[in-house]
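# Chain and residue survey
Read off the chains here:
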Amino acid sequence: MSTRERVLWIVAGIAIVVYALFPVGWIVSLSLKSSDDIANKQFLPTSVSWSNYEQILVGDAAELFLPALRNSFGICIIATFLACVLSMFAAYAIARLDFRGKKLILSTALAVAIFPVISIVTPLFNLWRQIGLYDTWPGLIIPYLSLTLPLSIWTMSAFFREIPWEMEQAAQVDGATTWQAFRKVIVPLATPGVFTTAILAFFIAWNDFAYGISLTSTGASRPVPAALGLFSGASQFESPYGPIAAAAVIVTIPVVVLVLIFQRRIVAGLTNGAVKG
Amino acid sequence: MTTTESTTARPAAGAAPAPRGGSDRARAEQKLGWYLAGPAFAVMLLVTAYPIVQAFYYSLFDYRLTDPENISFVGLKNYAVILTDSIWWTSFGVTVFITVVTVAVELVLGFLLALVMMNALKAIRPVLRAAILIPYAVITVVSAFSWQYAFSLDSGFVNSWFDWLPGVSADTDWFGSTGSSLFVICLAEIWKTTPFVSLLLLAGLAQVPDVLQEAARVDGATWWQRMWKVTLPNMKAAIMVALLFRTLDAFRVFDSVFVMTAGANNTETVSFLAYRQTIARVEIGLGSAVSVLLFLSVVIICIGFIKGFKVDLSQVRGEK
């Protein structure tokens, strides 16, 4: 590689990093602006202020934000857990067993994945009101399965296919019981796939807005994205830019950190499920 | 598992119904397979198929939630009302516009990003991969807010940064007209989803055999020729999957529109229209009809892709 080419690739690389970080940097910068600084029409604050964070964590906006944060965490973790358990069994069957309907299950998962969320929202809105699930945790956890399950089934079966299942038999030949062979050989091999799937499923649930905004009405179950979306609508003339930016940073940073730690696995998971070489 | 896999896909489906083909063991496996995969399958149907059937049923009624006594069967009248209303066609046009623009830009941009990641020096490759995942990790709503605030009149920096461009001045109101609002919405969508496209394309790029590239190079093909004649044809499957998934995804655009314009200035999309009818106006009948139409649009796009471009999903999605 010549020096000129080297420089070119490095410049292109820097461009990518700037591209990826720019809007995130902007929202962080905005969250650090004090209220009279918000309209300074500059990218950076003139002086760093933590007042926006104070406002959403202990101030008047805390009663809107903190319950939403709790709801988001609770609902997304439960939905992720359920999706992972269900799809673990399904993916095991798909990767390992020979049975009719395997294709049907995978195509169904695909069909569910492309399903327009809003089309489900309308009937659920009505149904949930009738049976009392409107504005409750289960009322969001159940529809979240429509987001998390298809992805989990696809990603996990792609991972499970890579497992050398013969090793289980090898262990049994060596004198291990079925259970031992499964626990000592298969479980350690399958764990990374399950873990990656869980992260991806969590992201999808965490990102949801349509269900969150349509199927909740109070802080009892409203997740963060929906709370943020409605926060801005509170007053037409004075949007609370700073607090929203601060809340946005709080819900973004943990996910970004998670991504950075597990980037290799996430890339494998994202592409494994979709394009398999 | 590769050997068993290749036999499972079709032969299994064909062999099992044969009268004597299923031994006890095969039957037991069949049963176990459904015991294990059945619950996930049932849940998927329950959370999607059931609601859409319900939506279709409600779409045949004149039904307002605030006036539940006056529910009456109207047949396909709701559909007639929607399809003859300019609101529907405006939102449909906006949705198609956003879909076409974002998907086209994302494919080109995503491919460029994938090329850079593929060819970047080993040392910076992990950095790039980490960076590219950040937009993926940012919630759509947060990304929408970030872009909205960057362009907004009272908090944004875009106007002061780009006032040298023709048409941009300190008081350019980006959210004041349809075109400029859609521009910002598309920008936010593109920023957020290009990484996903580029990762899919990167996986596709990695599948192009080096031997072919080498052979073309030896034969004196230019970089451009190799790109068009070797690289792109060999990653057609990856491109098609990225295209299909992003198109379907873009067609459902909702979050960004809700946050940035709430449908003002004719920026309403089909998803937003369905939301507004059902949740805001509690017109369950009309809203259900819009939902069904949205669903049908997605199905038609999907069938169009699979038939028109011959996207073989079972093949590309790892079921070889």
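Just so it is clear, the model here is predicted, and its values are computed rather than measured. (Residues numbered from 1 in each chain as written. Chains lettered and ligands numbered in written order. Predicted model: local features only at pLDDT ≥ 70, side-chain atom pairs only at ≥ 80, totals over all residues. Heavy atoms only, no water.)

## Some points on the packing of aromatic side chains
One pass over the full model with this rule turns up 38 aromatic pairs over all chains. A centroid spacing of 5.5 Å and a plane angle of 40 degrees characterise the contact between Phe145(B) and Tyr149(B), whose relative ring orientation is tilted. Taken together, the residues span about one helical turn, with Phe145(B) and Tyr149(B) both in helix 6 (residues 140-151) at a distance of 4 residues. Taking relative accessible area as the criterion, Tyr149(B) reaches 1% and is therefore assigned buried. With centroids separated by 5.9 Å and ring planes inclined at 40 degrees, the aromatic side chains of Phe272(B) and Tyr275(B) adopt a geometry described as tilted. Pair noted here: Phe272(B) and Tyr275(B) are both in helix 13 (residues 270-280), with a separation of 3 residues, about one helical turn. You can call Phe272(B) buried: its relative accessible area is 5%. The buried category is assigned to Tyr275(B), whose relative accessible area is 11%. Counting every residue linked through ring pairs, the aromatic cluster contains Tyr92(A), Phe160(A), Trp165(A), Trp179(A) and Phe182(A). Positioned above the aromatic ring of Tyr134(A) is the side chain of Arg129(A), whose terminal nitrogen or guanidinium carbon lies 4.5 Å from the ring centre. The residue whose ring lies beneath Lys192(B) is Tyr136(B), and the NZ or CZ to ring-centre distance is 5.8 Å. (Phe/Tyr/Trp six-rings, centres within 6.5 Å; stacked < 30°, edge-to-face > 60°. Helix = DSSP H or I, 4+ residues; strand = E, 2+ residues; numbered from the N terminus. Buried < 20%, exposed > 50% of the residue type's maximum accessible area, 1.4 Å probe, protein only. Lys NZ or Arg CZ within 6 Å of the ring centre and 35° of its normal.)

## Points about a nonpolar patch on the surface
On the surface, Ile10(A), Ile14(A), Val18(A), Phe22(A), Trp161(B), Phe162(B), Trp164(B) and Leu165(B) cluster together into a nonpolar patch covering about 740 Å² of accessible area. In terms of residue count, helix 1 (residues 3-31) of chain A provides more of the nonpolar patch than any other element does, 4 residues in total. (Patch = residues over 30% accessible without salt bridge, like charges linked within 9 Å, V, L, I, M, F, W, Y side chains within 5 Å. Areas by Shrake-Rupley, 256 points an atom, 1.4 Å probe, with all protein chains shown as cover. Salt bridge = Lys/Arg side-chain N within 4 Å of Asp/Glu carboxyl O.)

## Topic: the packing of helix 5 (residues 125-137) of chain B against helix 8 (residues 178-207) of chain B
Residues and elements named next belong to chain B. Across the interface, helix 5 lies against helix 8 with an axial gap of 7 Å and an inter-helix angle of 130 degrees. By the angle class used here, helix 5 and helix 8 are oblique. Note on packing geometry: the crossing formed by helix 5 with helix 8 is left-handed. Between helix 5, through Ile 132, Leu 133, Pro 135 and Tyr 136, and helix 8, the contact on the second element is made entirely by Trp 191, Lys 192, Pro 195, Ser 198 and Leu 199. Of the residues contributing to the contact of helix 5 with helix 8, the split by class is 7 nonpolar, 1 polar and 1 charged. (Axes fitted to C-alpha atoms, helices over the stretch in contact; angles between N-to-C directions. Parallel < 35°, antiparallel > 145°, perpendicular 65-115°, else oblique. Left-handed = near helix turned anticlockwise from the far one by under 90°. Contact = heavy atoms within 4.5 Å. Nonpolar A, V, L, I, M, F, W, Y, C, P; charged D, E, K, R; others polar.)

## Looking at the packing of helix 6 (residues 137-161) of chain A against helix 2 (residues 24-58) of chain B
Between helix 6 of chain A and helix 2 of chain B, the least distance of the axes is 9 Å, while the angle of their chain directions is 135 degrees. Relative to helix 2 of chain B, the element helix 6 of chain A lies oblique. Of the two possible hands of crossing, helix 6 of chain A and helix 2 of chain B adopt the one that is left-handed. From helix 6 of chain A, Ile142(A), Leu145(A), Ser146(A), Leu149(A), Pro150(A) and Ile153(A) reach across to helix 2 of chain B, where they touch Ala40(B), Val43(B), Met44(B), Val47(B) and Thr48(B). Here the contact of helix 6 of chain A with helix 2 of chain B is composed, by residue class, of 9 nonpolar, 2 polar and no charged.

## Things to note about the interface of chain B and chain A
Opposite the 106 residues of chain B that make contact, chain A presents 104 residues. Interface area for chain B against chain A, summed over the two sides, is near 9600 Å², with a carbon-plus-sulfur share of 74%. At the surface where chain B touches chain A, the tally comes to 0 salt bridges. Counting the contacts that link chain B with chain A gives 15 residue pairs in polar contact (both at pLDDT 80 or more). The element contributing the most residues to the side of chain B that touches chain A is helix 2 of chain B, with 21 residues. Of the residues belonging to the side of chain B that touches chain A, the class tally is 75 nonpolar, 21 polar and 10 charged. (Buried area = accessible area lost by both parts, 1.4 Å probe. Polar contact = N/O pair within 3.5 Å; in protein donor to acceptor, adjacent residues only side chain to side chain.)

## Regarding the confidence of the model for chain A
Residue and element names in this part refer to chain A. Across chain A, pLDDT averages 83, with 95% of residues at or above 70. Within chain A, the element-level pLDDT minimum falls on helix 12 (residues 263-274), averaging 74, and the maximum on helix 3 (residues 62-96), averaging 88. Considering only residues more than four positions removed or in separate chains, one finds that residues 233-237, a stretch of pLDDT under 50, has 0 contacts. (pLDDT = per-residue confidence, 0-100.)

## Side note on the pattern of salt bridges
Throughout the structure, instances matching the rule amount to 9 salt bridges over all chains. With a closest N to O distance of 2.7 Å, Arg96(A) and Glu168(A) form a salt bridge. Taken together, the residues Arg96(A) in helix 3 and Glu168(A) in helix 7 (residues 166-173) connect sequence positions 72 residues apart. Arg281(B) is paired through a salt bridge with Glu283(B); the nearest N and O atoms lie 3.8 Å apart. The exposure class assigned to Arg281(B) is partly exposed, which follows from its relative accessible area of 35%. A relative accessible area of 12% means that Glu283(B) is categorised as buried. One network of salt bridges, in which partners are shared, links Glu106(B), Arg246(B), Asp249(B) and Arg252(B).

## Some details on unusual backbone geometry
For Asp135(A), which is not glycine, the phi torsion reads 60 degrees and is therefore positive. If you trace the backbone, Asp135(A) turns up in the loop between helix 5 (117-131) and helix 6. Even without a glycine there, the phi angle at Val282(B) is positive, about 40 degrees. Tracing the chain through its elements places Val282(B) in the loop between helix 13 and helix 14 (284-308).

## Points about the environment of Pro243(A)
All names here are of chain A. Along the chain, Pro 243 falls in helix 11 (residues 241-261). The spatial distance from the C-alpha of Pro 243 to the C-alpha of Leu 57 is 9.6 Å, given a sequence separation of 186 residues. Not counting chain neighbours up to four residues away, the residues in contact with Pro 243 comprise Asn 52, Gln 55, Ile 56 and Phe 231.

## Some points on the confidence of the model for chain B
Residue and element names in this part refer to chain B. For chain B, the average pLDDT comes to 80, and 90% of its residues sit at 70 or higher. Per-residue pLDDT, averaged within each element of chain B, yields its smallest value for helix 1 (residues 2-15) (39) and its largest for helix 4 (residues 86-119) (90). Below a pLDDT of 50 lies the segment residues 1-20, which in the model reaches 20 contacts outside its immediate sequence neighbourhood of four places, other chains included. Contacts from residues 315-320, a stretch scored under 50 in pLDDT, to residues over four places away or in other chains number 22 contacts. For this predicted complex, the interface confidence comes out at an ipTM of 0.86, alongside a pTM of 0.84.

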